[in-house]
Every structure is written in C-alpha cells, then in structure tokens.
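# Structural overview for review
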Amino acid sequence: MNIEPLKNVFKTIFPEQEPKEFQEHSLFVRHLVSRFSSGNVNLQLGRFSTKITIEKRREQVCNYHFID
Amino acid sequence: MQVEQRLAIKALVTLFDKAEDKVKEVEQLDREISIPSINELRYVGYHLARLFCEEQPEKIDEQIKKAQQHCQRAIYDAHEIGIIYMLEQIKAFKERYIDFPDFVIEVIPEYTDSLRLAQNAAKFISRIKENNRDDRGAYYAECEPHYLSLRKVFDTLSVASPLIEKKRSGALRKDKQETRRFILQTLLIILSIIVAIIFGMQTP
C-alpha cells in the first residue's frame, strides 16, 4: 500500500516548523500574557464560551440538516 | 466518616479527574475554555469542602451526591461543547465540498455514514436541550459515545480535506485547459472560414 500521499497530508497538517511570523506572534502573546496574568491563558486572552454563546452555537448545528 | 463514604469520595475524585481531563481536552479542541464546565467544577469544590465539615452521615452523603452530580454535569457540558465544535466543522466541510460529492466519496467512502453520525449527535444534544437542563448530568455517560464517534469523523475529515482539495484543484485546472482548447479551436475555425471567404472573393 502506498502511504506517501498520507504522509504528505500529515506533513501539511502538522508541519515540522511553524511559520516564522506565527512563532514570533505566539511568543509575543505568551510573553505578554505571562507578564500581566496568571492562570488559564485562554481565559486571560478572552477566549471562552459562555452559556449564551454555547446556546446559540447549539441551535445553529441542531437546526442544520446533515442528511438532506 | 464511614468506610462506604470514604469509598464514595474516592470514586468522586476519579470522576472529578475525568471531568477535569475532558474540560481540558475540549478546551484544546475548541481553543476556548467552557465557562459552564468550569462553573460545575467550582461547585464540586464547594460541596467537597462542605462535606468535610459535616458530622452527620446523612449530610455527608448528601454533599457527596451533590458533588457527584456537578462532576457529571461538567463532563456532559464538556462533551456537549466538543460535539458542537465538531458539528460546526462537519457542517463547514459539507458546505465547502457540496459541489464535489464524487471527490468526497472517492476519498471518504464512509462519508454518508459520517453524516448520519453527525445527525444523530445533533439530535441527541437537541433532545437534552428540550428536556430539563438540570437533569443533563444523568446523560453524561450517554454523551461520550457520540463525542467519540464524532471525533473519529472529525479526524478523518481533517486528513481527507487536503486530498479532496488537491483533486478539486486538479479538476479545475483540467476544466480550464479544456475551455482554453475549445476557444482556440473555435477561433481557428472562424479564422479559416474568414480566410476561405476572402480567397473565394478574390478568385474570379
């Protein structure tokens, strides 16, 4: 079985090295967050789901017809 | 504290570990932290602290039960947000490749079954919403199989997406080439007709 295409796909999804800009941005964000906050980073960066946002998202996916 | 109660607390700690792991797993998946799950875990701490201050066995049992229910709700909420996130991704995938069903089936032969699983999971979370939300802890064990089967679907779609994209761009390139060839052929035919007419007019 030829697994080369699968290997290429994995390399595309999980590249060995992230782009330089992304690395710099990520490092900067972490540095900033570690300086001014403690605890969960997602929470400190405002990345959280509340009951209201979850409710909206739930309604959207529940009303969608996955099978036509 | 009675021996049964000590065992119940141990079981509670195991359940708490599971809830915490699940909350973290879904946080990494969704790249957002779920406040309702964290809130439920907060209440577990509240009831655990209370039970160590109680002296009556019935009161201790009551606190253990409450803490257990909050753990179950935390697990349910974490699974639910994971399911919602994966359903959103499956929906986006379906809409992205709606005009290319042949490529999708070629890469993912079980695509129809995957969509059926997604529909079942959507029905499940919709049913819990319609029932009393406070009882959702009772469904925490029922929620996990939906989450796990959707996780497999989600992983398959993530791997398949670049392959389908490759096929799609190949087909578009081929289509463009054929269109270009058709235009060129038509132009050549028109040109040869014009040349023939000009030659026809020049000859007496």
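Here's what I pulled together on the structure shown here. (Residues numbered from 1 in each chain as written. Chains lettered and ligands numbered in written order. Predicted model: local features only at pLDDT ≥ 70, side-chain atom pairs only at ≥ 80, totals over all residues. Heavy atoms only, no water.)

When its secondary structure is counted, chain B shows six helices and one strand. What you see in chain B, going N to C, is helices and strands ordered as α-β-α-α-α-α-α. At 30 Å, chain B has a C-alpha radius of gyration far larger than the 17 Å of a compact globule built from 204 residues. Seen through its principal axes, chain B has C-alpha atoms that stretch 125 × 25 × 25 Å. When the 204 residues of chain B are sorted by exposure, 37% land in the buried category. Across chain B, contacts joining residues at least 24 apart in sequence account for 80% of those joining residues at least 6 apart. If you average the places of the 31 positive and of the 32 negative side-chain charges in chain B, the two averages end up 6 Å apart. (Helix = DSSP H or I, 4+ residues; strand = E, 2+ residues; numbered from the N terminus. Rg over C-alpha atoms; globule rule 2.2 N^0.38 Å. Buried < 20%, exposed > 50% of the residue type's maximum accessible area, 1.4 Å probe, protein only. Contact = heavy atoms within 4.5 Å. Lys, Arg positive; Asp, Glu negative; His and termini not counted. Charge placed at Lys NZ, Arg CZ, Asp CG, Glu CD.)

Moving on, we get to the interface of chain B and chain A. Contacts between the two partners involve 32 residues from chain B and, on the opposite side, 25 residues from chain A. Summed over both sides, the interface of chain B with chain A buries roughly 2600 Å², with 63% coming from carbon and sulfur. Along the contact surface separating chain B from chain A lie four salt bridges. Across the contact surface, chain B and chain A share 11 residue pairs in polar contact (both at pLDDT 80 or more). At the level of secondary structure, the elements contributing two or more residues to the side of chain B that touches chain A comprise α1 (3–30), β1 (33–34), α2 (35–51), α3 (57–96), α5 (111–130) and α6 (140–202) of chain B. Along the lines of polarity and charge, the residues of the side of chain B that touches chain A split into 15 nonpolar, four polar and 13 charged. As judged from the two bridges shared by strand β1 (residues 48–49) of chain A and β1 of chain B, these two strands associate in the parallel manner. (Buried area = accessible area lost by both parts, 1.4 Å probe. Salt bridge = Lys/Arg side-chain N within 4 Å of Asp/Glu carboxyl O. Polar contact = N/O pair within 3.5 Å; in protein donor to acceptor, adjacent residues only side chain to side chain. Nonpolar A, V, L, I, M, F, W, Y, C, P; charged D, E, K, R; others polar. Pairing = 2+ DSSP bridges.)

Turning to unusual backbone geometry, a few remarks are in order. All names here are of chain B. Phi at R31 takes a positive value of approximately 60°, unusual for a residue other than glycine. With respect to the helices and strands, R31 occurs in the loop between α1 and β1. In this structure R31 comes out as exposed when scored by relative accessible area, which is 54%.

With that out of the way, let us pick up α6 of chain B. Look at α6 of chain B: 90 Å from first C-alpha to last across 63 residues, which is about the 93 Å you get at 1.5 Å a residue. Taken as a whole, α6 of chain B carries its principal kink of about 35° at A160 of chain B; the proline P162 of chain B stands between one and four residues after it. (Expected span 1.5 Å × (residues − 1). Bend = angle between axes of the 7 residues up to and from the residue.)

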